Amino acid sequence: MKTLDLGTVPSELGEIPDLMKAIVIRKEREGEPATSMQVEEVPVPELGPSEVLVLVMAAGVNFNGVWAAQGKPVSVFRMHKDPFHIAGSDASGIVWRVGKDVRRWKPGDEVVIHCNQSCGQCPECNGLDPMACSEQKIWGYETSWGAFAQFTKVQAQQLVTKPKKLSWEESASYGLTFFTAYRMLVGQAQVKPGDNVLIWGAAGGLGIFAIQLCKVLGANPIAVVSSPDKMGLVSELGAEMIINRRDFGFAKRPDETPEQVKKRSDEMKRFGGEIRKLTGGKDADIVFEHVGQETFPTSVFVCKRFGKIVICGATSGFNLEFDVRYLWMRQKQIIGSHFANAYQAERANELVHVGKIRPVLDQVFAFEDTPKAHQLMKENKHKGKLGIRIQASL
Ligand SMILES: NC(=O)c1ccc[n+]([C@@H]2O[C@H](COP(=O)([O-])OP(=O)(O)OC[C@H]3O[C@@H](n4cnc5c(N)ncnc54)[C@H](OP(=O)(O)O)[C@@H]3O)[C@@H](O)[C@H]2O)c1
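This is a predicted model, so every value here is computed, not measured. (Residues numbered from 1 in each chain as written. Predicted model: local features only at pLDDT ≥ 70, side-chain atom pairs only at ≥ 80, totals over all residues.)

### Here we look at the site of the ligand
Moving on, step 1. In the neighbourhood of the ligand, 30 residues make up the surrounding shell, with G201, G204, G205, S226 and G313 lying closest.
Moving on, step 2. Of all the secondary-structure elements, those providing two or more residues to the shell around the ligand are α2 (63-70), α5 (175-188) and β12 (220-225).
Moving on, step 3. Element by element, the count of residues in the shell around the ligand is highest for α5, at three residues.
Moving on, step 4. Its residues assigned to classes, the shell around the ligand shows eleven nonpolar, 16 polar and three charged.
Moving on, step 5. The two domains that each donate at least three residues to the shell around the ligand are domain 1 (19-174 + 359-389) and domain 2 (178-336). (Near = placed C-beta within 6 Å. Helix = DSSP H or I, 4+ residues; strand = E, 2+ residues; numbered from the N terminus. Nonpolar A, V, L, I, M, F, W, Y, C, P; charged D, E, K, R; others polar. Domains from an automatic or database assignment.)

This is the structure in structure tokens:
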């Protein structure tokens, strides 16, 4: 077989074409996702002994695809040596071939892929946490064979079973953000029943799962969004306390004048007042952060004494500036968090299997429209998750 049509599954399990279609980024065209990501035909990847080749039925869009396309803040070509980059850190599919050492999976298994890779052999992998491995990488961002292709290769430990009740597109839409939110709230911040949890970007990829997880854990989500339609979505997911950030002027800007600093701190106080109004006089026990530069000073300010700010990203900028007195004098903690280990991915996936957490797939795009989907995400014109149909049929 020379090539494989999109939207089809070969009749013979394990049969592979000479070339596969992939959405490819190359160094010379890094820039806007709409132009930097292009369809190309490339060879199907070769497998190592502990690797699995997956026929990709559907893939999910994440912010790291935007960064990979732009080549900013860091070019992916500094992370691996291949001259091409196939982005995508979420997928569902069918196990197509397995390396000779793979025992847990066999061709035909229906799977969801989690995006953490590690060496599997070091003491960190075998006693501490694979996220501490010096070779730890995010598949499809720090590696070259990601999800936006007809086939992908992954480590065997990256697979979890696909929930039977979900479509391929829904199954491809939750892994990266849900498993990240799970580690942030369950593993790192250790949310307790009754905690008030302030969730930035509550209608975004991480936020939709942070809200649902808070409800599962018996905590109270305070959802921050930027538009009325997003307010509707977070309310459907169970958030009763909702704030429109557009009603406040707390965003931190670079090079502020003393007057602007004063105005911003007044707005932070007003925002804190709104949180207290909603919670019956309480501050946020936990702040769920991933926006970074524009919101971080507010996150530190509104967090309760002895509370925790758990952070996994910085959409608005990496250089965080804030008044540290609010941190030390009120004994708050800042906790970094990054994706999840395989055990956390497995435990989180069980919550999807039993229907306690549901994906929120807002739009599904055809394979050729992968760049368009990333452009929408870059411009913050989406809510929930965006999916890409690859070998799944309409
Ligand atoms: N380390 C990890 O493992 C990991 C995993 C997943 C994601 N991340 C990172 O986390 C970030 C969010 O990911 P995501 O999938 O949730 O992205 P997303 O779907 O784009 O959602 C982010 C949300 O943040 C809000 N937002 C954007 N700019 C903002 C600003 N200036 N101020 C306040 N809110 C703002 C938006 O909501 P409103 O406009 O409605 O407020 C948006 O819905 C990204 O930077 C991503 O790379 C890291």
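### A word on helix α8 (residues 258-279)
Moving on, step 1. With 22 residues, α8 should reach 32 Å at 1.5 Å per residue; the first-to-last C-alpha distance of 32 Å fits that figure.
Moving on, step 2. Of all the positions in α8, only M268, F271 and I275 are classed as buried. Along the axis of α8, the buried residues cluster in a sector spanning 60°; they form a single face. Every exposed residue of α8 that faces more than 90 degrees away from the buried side is listed here: P258, E259, K262, D266, G273 and K277.
Moving on, step 3. Against the buried residues of α8 lie β11 (196-199), β12, β14 (284-289) and α9 (296-302). (Expected span 1.5 Å × (residues − 1). Buried ≥ 20, exposed ≤ 12 C-beta atoms within 10 Å, placed from the backbone. Arc of directions from axis to C-beta. Contact = placed C-beta atoms within 7 Å.)

### Notes on the sheet that holds strand β2 (residues 37-43)
Moving on, step 1. Across the sheet, three strands lie side by side as β2-β1-β4; this open sheet has antiparallel pairing. If you trace the sheet from one side to the other, it starts and ends with β2 and β4 (84-86), each paired once. Between one strand and the next, the sheet's axes are offset by a mean angle of 60°, whatever the strand orientation. (Pairing = 2+ DSSP bridges. Axes fitted to C-alpha atoms, helices over the stretch in contact; angles between N-to-C directions.)

### What about the sheet that holds β12?
Moving on, step 1. Strands sit in the order β13-β12-β11-β14-β15-β16 across an open sheet of six strands; the sheet is parallel. Among the strands making up the open sheet, the edge pair consists of β13 (241-244) and β16 (333-336). With strand direction ignored, the average angle separating the axes of adjacent strands in the sheet is 20°.
Moving on, step 2. By the bridge criterion, four bridges tie β11 to β12 in an arrangement that is parallel. In the strand pairing of β12, V197 is matched with P221.

### Brief notes about the domain arrangement of the protein
Moving on, step 1. Annotation of the protein at the domain level lists domain 1 (19-174 + 359-389) and domain 2 (178-336).
Moving on, step 2. A separation of 29 Å is found between the C-alpha centroids of domain 1 and domain 2.
Moving on, step 3. Facing nine residues of domain 1, the contacting portion of domain 2 comprises nine residues.
Moving on, step 4. Of the residues assigned to the side of domain 1 that touches domain 2, the class counts are four nonpolar, three polar and two charged.

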